[in-house]
Amino acid sequence: MKAARAKTPRRPALKKASPPGPKDPVGVYCRVRPLSCPDQECCIEVINESTVQIHPPDGYRIFRNGEYRETQYSFKEVFGTLVAQKELFDVVAKPLVEDLIRGKNGLLFTYGVTGSGKTHTMTGSPGDGGLLPRCLAMIFNSIGPFQAKRFVFKLDDKNGVDVQCEVDALLERQKRDATPVPKTSGNRRQVDPEFADMINVQDHCKVEEVDEDNVYSVFVSYIEIYNNYIYDLLEETSFDLIKPKWNNCNTPVRNGDFIPPQSKMLREDQNHNMYVMGCTEVEVKSTEEAFEVFWKGQKKRRIANTQLNRESSRSHGVFMIKLAQAPLDADGDNVLQEREQITLSQLSLVDLAGSERTNRTKAEGNRLREAGNINQSLMTLRTCIEVLRENQKYGTNKMVPYRDSKLTHLFKNYFDGEGKVRMIVCVNPKAEDYEESLQVMRFAEMTQEVEVARPVDRPLCGLTPGRRFRNQAFREELARKLEIRGGPINEETEEQSASEILLQNFPPLPSCELLDINDDQTLPKLIEVLEERHKLRQKLSEEFARNVLTFRTALRELDSNIMSKENYVQGKLSEKEKIITGQKAELEHLEKKIKTLEYKVEILEKTATIYEEDKRHLQQELESKSQKLQRQVSDKRRLEARLQGMVAETTTKWEKECERRVAAKQLEMQNKLWVKDEKLKQLKAIVTESKSEKPERPSRERDREKPIQRSVSPPPVPNAPPVRLRHRRSRSAGERWVDHKPPSNLPTDTVMQPHVPHAITVAAASEKALAKCDKYMLTHQELASDGEIETKLIKGDVFKTRGGGQAVQFTEIETLKQESPTGRKRRSSPSNADPPEDAADSEWTDVETRCSVAVEMRAGSTLGPGYQHHAQPKRRKP
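Description of the structure in this document. (Residues numbered from 1 in each chain as written. Predicted model: local features only at pLDDT ≥ 70, side-chain atom pairs only at ≥ 80, totals over all residues. Heavy atoms only, no water.)

Bringing the overall build of the protein chain into the picture now. Secondary structure summary: the protein chain contains 16 helices and 32 strands in total. Residue burial in the protein chain is summarised as follows: out of 878 residues, 36% are buried. In the protein chain, 70% of the contacts between residues at least 6 apart in sequence involve partners at least 24 apart. Taken as a whole, the protein chain presents about 55,900 Å² of accessible surface, with 52% of it coming from carbon and sulfur. (Helix = DSSP H or I, 4+ residues; strand = E, 2+ residues; numbered from the N terminus. Buried < 20%, exposed > 50% of the residue type's maximum accessible area, 1.4 Å probe, protein only. Contact = heavy atoms within 4.5 Å. Areas by Shrake-Rupley, 256 points an atom, 1.4 Å probe, with all protein chains shown as cover.)

What follows deals with the packing of aromatic side chains. The geometry of an aromatic ring pair comes down to the distance between the two centres and the angle between the two planes. In this structure the tally under the stated criterion is nine aromatic pairs. Aromatic pair Tyr111 and Phe443: ring centres 4.7 Å apart, planes at 45°, arrangement tilted. Residue Tyr111 is found in strand β8 (residues 105–112), and its partner Phe443 is found in helix α10 (residues 434–447); the two are separated by 332 residues along the sequence. A single burial state applies to Tyr111 and to Phe443, both of which are buried. With 5.3 Å between their ring centres and 85° between their planes, Phe294 and Phe319 make a pair best called edge-to-face. Pair noted here: Phe294 is in helix α5 (residues 287–298) and Phe319 is in strand β20 (residues 316–327), with a separation of 25 residues, a long-range link. For Phe294, a relative accessible area of 2% corresponds to the buried category. Residue class for Phe319 comes out buried when judged on its relative accessible area of 1%. These aromatic residues form a ring-pair network of at least three members: Tyr222, Phe291, Phe294, Trp295 and Phe319. (Phe/Tyr/Trp six-rings, centres within 6.5 Å; stacked < 30°, edge-to-face > 60°.)

Packing of helix α3 (residues 131–143) against α5 leaves a shortest axis separation of 9 Å and a crossing angle of 150°. The orientation of α3 relative to α5 falls into the category roughly antiparallel. Our pair here, α3 against α5, has a crossing hand that is right-handed. Residue-level contacts link Leu132, Pro133, Leu136, Ala137 and Phe140 of α3 to Thr287, Ala290, Phe291 and Phe294 of α5. Here the residues of the contact of α3 with α5 sort into eight nonpolar, one polar and no charged. (Axes fitted to C-alpha atoms, helices over the stretch in contact; angles between N-to-C directions. Parallel < 35°, antiparallel > 145°, perpendicular 65-115°, else oblique. Left-handed = near helix turned anticlockwise from the far one by under 90°. Nonpolar A, V, L, I, M, F, W, Y, C, P; charged D, E, K, R; others polar.)

Bringing helix α1 (residues 85–101) into the picture now. Along α1, the largest kink reaches about 50° and is centred on Ala93; proline Pro95 follows within four residues of it. Those residues of α1 lying buried are Gln85, Leu88, Phe89, Val92, Ala93, Leu96, Val97, Asp99, Leu100 and Ile101. Backbone geometry just after α1 places Gly103 at a positive phi near 90°. (Bend = angle between axes of the 7 residues up to and from the residue.)

Within the structure shown, the criterion is met by 27 salt bridges. Glu235 serves as the salt-bridge partner of Lys264, at 3.4 Å between the closest nitrogen and oxygen. Of this pair, Lys264 sits in the loop between β14 (229–232) and β15 (265–268) while Glu235 sits in the loop between β14 and β15; the two residues are 29 residues apart in sequence, bridging distant segments of the chain. Across this residue pair, the class does not change: Lys264 and Glu235 are buried. Through salt bridges with shared partners, a single network forms among Glu657, Arg660 and Arg661. (Salt bridge = Lys/Arg side-chain N within 4 Å of Asp/Glu carboxyl O.)

It is worth spelling out empty space enclosed by the protein at this point. The tally for this structure, following the rule as stated, stands at 14 cavities of 30 Å³ or more. Roughly 80 Å³ of internal volume is contained in the largest cavity. Taken together, Leu107, Phe109, Val350, Leu352, Leu381, Leu407, Thr408, Phe411 and Phe415 form the lining of the largest cavity. Put simply, the parts of the chain that give the lining of the largest cavity at least two residues each are β8 and α8 (406–410). Counted by class, the lining of the largest cavity contains eight nonpolar, one polar and no charged residues. (1 Å grid on protein atoms, 1.4 Å probe; cavity = no way out; pocket = protein on both sides within 12 Å on 5 of 7 lines; lining within 4 Å. Points joined across faces, edges and corners; volume = space filled by probe spheres on them.)

On to the environment of Thr801, then. Tracing the chain through its elements places Thr801 in the loop between β29 (789–800) and β30 (806–817). Thr801 gets classed as partly exposed once you look at its relative accessible area, which sits at 32%. When neighbours within four sequence positions are excluded, Thr801 is seen to be in contact with Gln806 and Ala807. Among the polar contacts made by the side chain of Thr801, one reaches the main-chain amide nitrogen of Gly805 at a distance of 2.9 Å. (Polar contact = N/O pair within 3.5 Å; in protein donor to acceptor, adjacent residues only side chain to side chain.)

A few words now on the pairing of strand β22 (residues 419–427). Every other side chain in a regular strand lies on the same face of the sheet, so the side chains alternate between the two faces. Most of β22 sits inside the fold, with eight of its nine residues counted as buried. Bridge count between strand β3 (residues 27–32) and β22: six bridges; the pairing is parallel. Among the inter-strand pairings, Gly27 is bridged to a residue of β22, identified as Arg422. Across eight bridges, β8 lies against β22 in parallel orientation. (Pairing = 2+ DSSP bridges.)

The next thing to look at is the side chain of His409. The residue His409 is located in helix α8 in this model. Look at His409 and you get buried, because its relative accessible area is 10%. Ignoring anything within four residues of it in the chain, the contact list for His409 reads Leu266, Met274, Tyr402 and Arg403.

So, about the sheet that holds strand β5 (residues 51–54). The strand order β4-β5-β6 describes an open sheet built from three strands, whose pairing is antiparallel. Each edge of the open sheet is held by one strand with a lone partner, namely β4 (44–48) and β6 (71–74). Recorded for the sheet is a direction-independent mean angle of 30° between the axes of neighbouring strands. Sheet topology places β5 next to β6; four bridges connect them, and they run antiparallel. Paired with Ile54 across the bridge in β6 is Thr71.

Once that is clear, we can look at the state of the cysteines. The full count for this structure, using the stated rule, is zero disulfides. In this structure Cys205 is not part of a disulfide, and its nearest cysteine sulfur, from Cys135, lies 9.6 Å away. (Disulfide = S-S within 2.5 Å.)

The axes of two packed helices give the description: the angle between them and the distance between them. Direction vectors running N to C along α1 and α3 enclose 45°, while the axes themselves pass 9 Å from each other. In this view, α1 runs oblique relative to α3, as classed from their interaxial angle. In this structure, α1 crosses over α3, and the sense of that crossing is right-handed. On α3, the residues that touch Gln85, Lys86, Leu88, Phe89, Ala93, Lys94, Val97, Glu98, Leu100 and Ile101 of α1 are Leu131, Arg134, Cys135, Met138, Ile139, Ser142 and Ile143. Residues belonging to the contact of α1 with α3 are distributed by class as follows: eleven nonpolar, two polar and four charged.

The next point concerns the sheet that holds strand β28 (residues 775–783). Taken together, five strands build an open sheet; the order of strands is β27-β25-β28-β29-β30 and the sheet is mixed. Every other strand in the sheet has two partners, leaving β27 (759–762) and β30 as the edge strands with one partner each. Ignoring which end each strand starts from, the neighbouring axes of this sheet average 25° apart. Here eleven bridges tie β29 to β30, and the two strands are oriented antiparallel to one another. The partner of Val798 across the bridge, within β30, is Val808.

With respect to the secondary-structure elements, Leu349 resides in strand β21 (residues 343–351). The spatial distance from the C-alpha of Leu349 to the C-alpha of Tyr222 is 9.7 Å, given a sequence separation of 127 residues. Leu349 has contacts with Leu108, Met122, Leu132, Gly317, Val318, Phe319 and Ile321, leaving out every residue within four places of it along the chain.

As a further point, take the environment of Val32. Counting through the fold element by element, Val32 comes out in strand β3. As for Val32 and Cys426, which are separated by 394 residues in sequence, their C-alpha atoms are 6.0 Å apart. Apart from residues no more than four positions distant in its own chain, Val32 is found in contact with Val46, Phe79, Gly80, Thr81, Val427 and Pro429.

Over its 14 residues, α10 runs 20 Å from end to end, which matches the ideal 20 Å to within 8%, given 1.5 Å per residue. Counting buried residues in α10 gives ten out of 14 residues, a clear majority hidden from the surface. What α10 keeps buried is the set Tyr434, Glu436, Ser437, Leu438, Val440, Met441, Phe443, Ala444, Met446 and Thr447. (Expected span 1.5 Å × (residues − 1).)

Structural data, given as structure tokens:
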């Protein structure tokens, strides 16, 4: 008989993309391990059955904004420190085992920082088994009486399964029994005491509804992903064997490097499912045998001692349970050989290595490299989850980087809709793990938003249910009846029994041997026995004739009954046929209607797809146009602001220009007025002064050409003590000043002198000097109306302009002026003779009226000092 080959997935081969049916979110659960020491500081608190709260410890309570932050995270269910393994198994893993037996895939993995209890959750401890042994126990408790014989199912090297005939399976079993190597048989031999307590599960949990008309077989495999390489933990080669590298001179290389075991490759089967090529898959028949295989691989898994965990897993462990099942034939005796009816489901239990920080573990060398690869693979897993969440939430079509890590590449089919996905987040509440636990919580919260397509149910085989037990009941009843009749018989024994029974009804024949001629007893006895046998034969013949007649009568009655029943059945059949014909016609009509509706639905779906595409394009166009409009609005606002700035700057510039022009015009008019005043003074001097006493005063024109000597002050009193020369301190001391003293200024030998500390004295204002200071002072000298030198200190503030230069805004003027000690005003032209009283009055009146002019600066101008004439009213003495 030719073996039949089955496909791995339960879906049709052409269905690559995830089905558009309902989706389920990834189930994320949280388990909090107890503290190792009761006096340790705790940073995680269980609020209720679905919420935990994480708060920073005492050393982390000051954040950037100076606030104390407490963050709450929600999960599907939260398990506290007192939760038993059985309760965790019933909620998380039991539904996955039920789906496995119903032909659906499942993925369960533990995630968390190092030392958070992931391996304990998956494997358990002596006396309290974890999720893995409980899953195995539930599987074999459910399918125990329905398991196929060993080697009936046989896995190939391309992720498929074959169904062998009984002869081939028997040969395989005989070959296996003949091999001298010890095998993990399913018989009741003594279990290794090292893990006997872990698989001693007392609750006997099992699936209630198991298809009793199927036969099952379980295959297990165990791999690890170490430094992004896949290794088979069930391979016979020893992992502890040291194999040094050899160079070209056939001498070992003395650098401490060793040849690692051969890594396995990931391959994609014809249905686009990922599998590990060449991985060892062992067929097991009991919980003890399966856990013994797991324990054998667990001893080879890489662990190391770090600062945070005495037995830290340095690789990701993946224990895969494959369940092959196929229905029985119509008689309930043999397995169907049709490959469409064979189902292969898989449950993957993943113990991820913990994320860790090297500054806490103090890892070096190989440990540091292992930690880097572990963190990189976990980061790739997080990136894949983020991209999946973004694609589902925002409708994008970004490529998920599954191939960046072997871990994500192996399980990409689960996230594409090949089964349920469950994650258990293990956290350690101690304060030292606060930052790592915070990152784990954020990843778990993001993972809950990812949805995975719900796997479809397997198709029905179409055979009558309950055929296995009916066949068994028939065999038991046949054996019971045969036992009542004396045991099993065959055709040959039936013929012998009928002849023996017939001979036993006749009397035994006496001895027919005649030894004496005078013997007269033997023959009469023989004649008597034969007569009795003849009589008995006649009775039997008569009884047989009566029985034949009775049997014929019964047969005629049975024939008549059968004919009447046949007629009745034929009538019923004709009625049923008419009903069936009508129903077939109705079915054909409905099928045509269904096809029409399907065609309409297909057209509507295509139309909806076109509309959705148009909607998406319109939304994208609307978004692009809105963004463009926003950019235009922002550009317009910036342009308006720029134009407003330019308008303001231009306005200020023209205002300053107007002020400058007005000041220049005022200065020009003032100069003309001064010229006229000087002419009037000269004319008055010519008219009033005497010809011999009054000298001629130089005009303003010559004063401009040649600086005149200021009038000599009266000498001090002879007996007065000498006065020490002092500098007058400015009111604005303490700031950085630019002291602008033009070279044309004349020195004044006065007691009070202007002095500014911390000042930079310059002869001409420069941008370099202004950039270093924040105050500016201009020393300006001019000749007063009384002939004395008047010194003005023009002060201002220095500020930066928009173009990067320096500008001065004048704010204050200080005036330093000398006066005659006699207390009266000096005349414009000195004279030795006293003029007449009326002449003096007229002289003072004309001079004061025309020459009492105040020159001051217009504050707020940045273009230099401007001058205005302010005439002082004349005051007459009483």
